[in-house]
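The lines below spell out each chain.
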Amino acid sequence: MKIAVLDDSKTFLKYFKNLLSNLGNNQIYTFAHEHKFYEFIKNNNDIDAVFIDYHLQNTDGFEILKNTKKYLQDSYKIIITSDSSPQIKEKALKIGFDTFLPKNFSSADIQALINLVKTLRKFIKKEIEEKESFKQLLKYKEYQEKIIHQKQNKIMKNELEMYFDEKHLFETYFKPKDLLTGDTIYTKKITKDSYFIGIIDAMGKGLGASLTSFNALAFLKHSIKKAIEYNDFNYRKLVYDFYNYVQTILLENEILCATLVLIEEDTMHYANFGNPPILTSDKILYTNNFPIRISSEQINIDKTNLDEKVFIASDGIFESKYKKSIYYKRLKEIFPSISFLKEIIEDFEKNSLQSDDICCILISKNNLHFQTIFEDEIYLNKKNIDLFLKKLYIKNIPLVEQIHLILHEILTNTYEYGILNIKNKEKLTFNEKFKKKEIINHKFFAKIKIGINENWVNIEYTDNLKGFDVQKIKDAYYKKYHGKGIKIIKHLSYGLFFNENGTAIKIFLKVKS
Amino acid sequence: MNVEIEGNVININSPIVTLSDVDKFIQILKSKENEPHLIINIKSFSLPSSIIGELLRLNDKGVAISLNIYDNTLYELLKALQLTNKFKIRMV
């Protein structure tokens, strides 16, 4: 045991040290002055027990305890006193001494006390070790979570996460329940007006389900990539190949659900292997295949007209609890009035509790009508952007503060990346950024249009610069302390969509009632 | 932009409207990087991400940041950005 003793009587210190040594303790440190005692305990927080005399020359044991507690939180603290007054004993215990030792102690008293401290310290040390290893585990978990989320996003490459073309708006949502997700989503533009959507849900939990799901997704991703490269994309062949491949990676009792959809102009082809129905504005398309297992079944691929709205999801959102039923019931009720995915997610968070991974996509026709309330064109330099922002702020239009902040974020990005040509913002200090010269090109301009209808305010932004790197923006959104601009826009709006080359943005804000 | 500075207290009395306003405000924050504690009273809605970034940088350098917010939408936004565990944020 490591023991420290503070007493201003050198005779007592000598006697006490001998006594403790004779009882088998070999690490005994004695101090006649408090400053040396403090210096010692400051650098030795593994001390098992401290003995502190109550009557000291310049101070008393109570004062000493105050400082001792700063450095020795877990050590056993004993006050030694020749004063037998009950008030002192009571106060000593109240302020944090673990016990008191009258100076007329016997060798057996000390032996009993040392035995008690030994037993207690054993438990405390074990607890400290457990706490420390739990801390390490948490740290490791946090690190792994970060890596896994990065990896998941990298593998999934969800191209239609916030995407629009001339006819449609696409938005996806992915929220795993646990660290290892069995749900994956892969979306890809194949050609103009042709899009692929794959939602996979490997049944079961943990690493096994996650491996199956990501492996199946990687197959889809690579097959489509190669098909586009060789210009021979064939949806039917892809579905059959996927089915056959998945069968080779499944265990005997394992099953995998998947919805594979191809949108071609105004037609939607779908093969749904056991996932929940596809909801559209006009109908409910029930699953047309059994979940995939080792044994073979016939494969059905159906097609239908592409309706105004289409919602495709894994079972996470459908089967979570809603009152005495499941959220599917609620979803069917609210779906007719839904314009954007955030409305579904908000309603889900308010009325249900996530019980599984959530993975979904909403495709809607880009045909909401708006009355233009503000329109401007800016030749892009700082002076003009400032003038525009000033002009916008004093406009009497609904949600002007939110619209202003959103456009402030977009124009800051346009200015820094497009006009100052800053390639990596994080590596540039403010002063370096300040010194950068604007690229003078009078042909660079941005067009901004704000429209309104009964429910929504719409901001449309276009510029003729090289375009935002949409993938980088999306990646930043998932980082804890990055992507603040896009997080601000996402928080303030209900829909945020980029065109393919990042030169146009559509944003929708809800008009408050 | 109307900003008042009294020691370690900065009052933002009107919106941060332009990119130049952001630059000016960041310069003010930079001049305060040796303060142990900064108190910022934000009486308008607008708080662009570049300013939030600068506040995070100051916080990483050891400056404690207290934000007193007067606008509920801004308060909700800062919560959504998970900044409540970095700064001391209070809705006034």
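Structure: see above.
No experiment lies behind these values; they were computed from the predicted model shown. (Residues numbered from 1 in each chain as written. Chains lettered and ligands numbered in written order. Predicted model: local features only at pLDDT ≥ 70, side-chain atom pairs only at ≥ 80, totals over all residues.)

Trainee: Please clarify how the interface of chain A and chain B should be interpreted in this entry.
Mentor: Interface size is commonly expressed as the accessible surface area that is lost when the partners come together. In this complex, chain A contributes 22 residues to the contact, which on the side of chain B involves 20 residues. Looking at the side of chain A that touches chain B, the elements that each hand over two or more residues are α11 (382-393), α12 (400-419), α13 (430-435) and α15 (484-492) of chain A. Tallying contributions element by element places α12(A) first for the side of chain A that touches chain B, with seven residues. Of the residues contributing to the side of chain A that touches chain B, the split by class is nine nonpolar, five polar and eight charged. (Contact = placed C-beta atoms within 7 Å. Helix = DSSP H or I, 4+ residues; strand = E, 2+ residues; numbered from the N terminus. Nonpolar A, V, L, I, M, F, W, Y, C, P; charged D, E, K, R; others polar.)

Trainee: Help me understand the pairing of strand β1 (residues 2-6) of chain A in this model?
Mentor: Along any regular strand, the residues point their side chains to alternate faces of the sheet. Residue and element names in this part refer to chain A. Among the five residues of β1, four are classified as buried, and the element is accordingly described as predominantly covered. Sheet topology places β1 next to strand β2 (residues 27-31); five bridges connect them, and they run parallel. From the neighbouring strand, I3 faces β2, where its bridge partner is I28. Tracing the backbone out of β1, into helix α1 (residues 10-22) and back to the parallel element β2 gives a crossover that is right-handed. Sheet analysis places β1 next to strand β3 (residues 49-53), joined by four bridges and oriented parallel. Each bridged residue has a counterpart across the sheet, and for L6 the counterpart in β3 is I52. (Buried ≥ 20, exposed ≤ 12 C-beta atoms within 10 Å, placed from the backbone. Pairing = 2+ DSSP bridges. Right-handed = clockwise from strand over helix to strand, strands pointing away.)

Trainee: Which parts of the structure should I look at to understand the sheet that holds strand β4 (residues 64-69) of chain B?
Mentor: Strand pairing in a sheet takes place through backbone hydrogen bonds and is either antiparallel or parallel in direction. Residue and element names in this part refer to chain B. Strand order in the open sheet formed by five strands is β1-β2-β3-β4-β5, with mixed pairing between adjacent strands. Two strands close off the open sheet at either side, each with one partner strand: β1 (3-6) and β5 (88-91). Averaged over all neighbouring strand pairs, the angle between strand axes comes to 15 degrees, with direction disregarded. In terms of strand pairing, strand β2 (residues 9-12) meets strand β3 (residues 37-42) through four bridges, oriented parallel. By the bridge assignment for β3, V9 is matched with I39. (Axes fitted to C-alpha atoms, helices over the stretch in contact; angles between N-to-C directions.)

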